[in-house]
Amino acid sequence: MATTTAAVTLSSDLLSDSISVSASSTLMKAGTTADGLDMVDYGVIEIVTGDQFDLLDADNPASSPIAGVMANKANKVYIANHATDETYYVTIMIDAQNVGRLYAGDWMFIPWAAEDANADIEITSTTGTNKIEYALFHQGRTLNAS
Amino acid sequence: MATTCSINITSDIAPGLGSITKDMTLTKAGTLNDLEETTGFSRRKLAATTAVDIITMANELVEPSDNTAAKVYIRNIGDGKGSVDKSTYVTISIGDTGGTPQEVGRLYGGDWLLMPLTVVDDKDVVAAPSTDDAVVLEYIMFYE
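Every value quoted in this text rests on a predicted model; they were computed, and no experiment measured them.

1. Some remarks on the overall build of chain B
A tally of helices and strands in chain B yields zero helices and eleven strands. Along chain B, helices and strands appear, N-terminal first, in the series β-β-β-β-β-β-β-β-β-β-β. Each of the 144 residues in chain B was classed as buried or not, and the buried ones make up 41%. For chain B, the share of sequence-separated contacts (at least 6 apart) that also reach a separation of at least 24 residues comes to 75%.

2. A look at the interface of chain B and chain A
With 53 residues of chain B in contact, the opposing surface of chain A contributes 53 residues. Here the residues of the side of chain B that touches chain A sort into 26 nonpolar, 19 polar and eight charged. Relative to strand β1 (residues 3-11) of chain B, strand β1 (residues 4-12) of chain A runs antiparallel, the two sharing nine bridges. Directly across from Ala7(A), in β1(B), lies its bridge partner Asn8(B).

3. Describing the confidence of the model for chain B
On average, residues of chain B score 92 in pLDDT, and 96% of them are at 70 or above. Complex prediction metrics read pTM 0.95 and ipTM 0.95.

4. Concerning the nonpolar core
By size, the foremost hydrophobic cluster in this structure holds 78 residues, and its most contacted members are Ile79(A), Phe109(A), Val72(B), Ile74(B) and Leu113(B). Top contributing element to this core by residue count: strand β11 (residues 135-143) of chain B, with seven residues. In contact with Val72(B), not counting residues within four places along its chain, are Ile55(B), Met115(B), Leu117(B), Val125(B), Tyr139(B) and Met141(B).

5. A look at the sheet that holds strand β5 (residues 52-55) of chain B
Residues and elements named next belong to chain B. Pairing in this open sheet of four strands is antiparallel, and the strands run β5-β10-β7-β8 from one edge to the other. Both edges of this open sheet fall to β5 and β8 (102-108), since each of them pairs with a single strand only. Recorded for the sheet is a direction-independent mean angle of 35° between the axes of neighbouring strands. Judged from the six bridges that link them, strand β7 (residues 89-95) and strand β10 (residues 124-129) form a sheet pairing that is antiparallel.

6. Section: unusual backbone geometry
Residues and elements named next belong to chain A. The phi dihedral of asparagine 72 falls on the positive side, at around 55°, and the residue is not glycine. With respect to the element layout, asparagine 72 can be found in the loop between β4 (52-56) and β5 (76-81). Positive phi is not limited to glycine here, since alanine 114 has a value of about 45°. Counting through the fold element by element, alanine 114 comes out in the loop between β8 (107-111) and β9 (121-125).

7. Describing the environment of Arg43(B)
Residues and elements named next belong to chain B. As for its position among the elements, arginine 43 is in strand β4 (residues 42-46). Classification of arginine 43 as exposed rests on a count of 11 C-beta atoms within 10 Å. Along the sequence, arginine 43 and glycine 80 sit 37 residues apart, while their C-alpha atoms lie 9.3 Å from each other. Excluding residues that lie within four positions of it along the chain, arginine 43 makes contacts with Val136 and Glu138.

8. Let's talk about the environment of Ser83(B)
Residues and elements named next belong to chain B. Within the secondary structure, serine 83 is located in the loop between β6 (70-76) and β7. Exposure remark for serine 83: the 11 C-beta atoms within 10 Å place this residue in the exposed category. Put simply, serine 83 and threonine 21 are 62 residues apart on the chain and 29 Å apart in space, counted from C-alpha to C-alpha.

9. Quick word on the pairing of β9(A)
Residues and elements named next belong to chain A. Among the five residues of β9, four are classified as buried, and the element is accordingly described as predominantly covered. Here β4 pairs with β9 via four bridges, running antiparallel. If you follow phenylalanine 53 over to β9, its bridge partner there is isoleucine 123. Examined bridge by bridge, strand β6 (residues 89-94) and β9 share five bridges and lie antiparallel to one another. Paired with isoleucine 92 across the bridge in β9 is isoleucine 123.

Scoring rules and cut-offs
- Residues numbered from 1 in each chain as written.
- Chains lettered and ligands numbered in written order.
- Predicted model: local features only at pLDDT ≥ 70, side-chain atom pairs only at ≥ 80, totals over all residues.
- Helix = DSSP H or I, 4+ residues; strand = E, 2+ residues; numbered from the N terminus.
- Buried ≥ 20, exposed ≤ 12 C-beta atoms within 10 Å, placed from the backbone.
- Contact = placed C-beta atoms within 7 Å.
- Nonpolar A, V, L, I, M, F, W, Y, C, P; charged D, E, K, R; others polar.
- Pairing = 2+ DSSP bridges.
- pLDDT = per-residue confidence, 0-100.
- Core = buried A, V, L, I, M, F, W, Y, C linked by C-beta atoms within 7 Å.
- Axes fitted to C-alpha atoms, helices over the stretch in contact; angles between N-to-C directions.

Written as C-alpha cells, this is what we have:
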C-alpha cells in the first residue's frame, strides 16, 4: 500500500492562552482503511496576470473514457504560492465559486470532490506573476489512449 | 501576535517525490502584518445528514475585510470519543445552505483541511455528514 501522510501544525497567540494544534492524516482511498491513495500529479507553474486558468481539471481530459473518474472520491490537493512580494496573490475558485486568495507564501490543503465536469480548481493571478506549486493525490486516473 | 501554520506531506507513491514542507505566517492582505482576529477554536457535533453552517459569515462582523487573507482549519475527529471512521465523511462546501453551496470536498475520518476564505456574506462554511452517525468537527477561522 502506498502511504502518504499530511501533517499540519498550527500555532497562534491571538488569544490569552496560546493555541497549538497538530494533526496528521494518512491519505486513504475513499471509504477504505487499508488502501492508500496511490497516484499523484505534481507540478510547479508560473501564473501570469489576467486570464483564469484551470489548475486542475475535474473532467480531465474532457470527453475521454476516464472523464469523471475522480468524482466524489478522496482526492487531496495542495497548492502553495511561492511569490515573494507580499502584495502578490492568486484567487482560487471551484466551479466559478470564489474560495479565497493565496497571498505570497500562503499554502492550502483541501479535499477535492471534483463532483462533476465543472468542478475544476481554477486560478487567477491578479498581481504580478505568481509561481505556484501544486500536488493532487488521487486514486482513479488512467492515461487516455493515444 | 502571530499565527503560523506548517504542512509536511510525505509519500512513497514515487521514489523521487520525497516530501513537501512549507511554513506560513498568516498575514493581512498584501502586507507583512499579522492577522489579528479569530473565531476561536470550536468543536461541533453533527448527527444528521442535513447541511449546516459551521461558520456563518454574516455573524462574524467581518464585512469591512471581505476578500482579504482569511483562512480556516477544519478537522473531522470522528465521533469525539476516540472512534474515527475512515469510511464516512463530512462534505465541506462554501455558500449558503438555502441555496446550492459549492462542494470543496469530503473530509473522511481523521482528515483535515486548511484553506483561504473570502468571508463574504452567504459564502458560509457548510458541513454535511454522509450518515446520521455522530461526527465531530474541530475548526477555527482567522481573518482581518
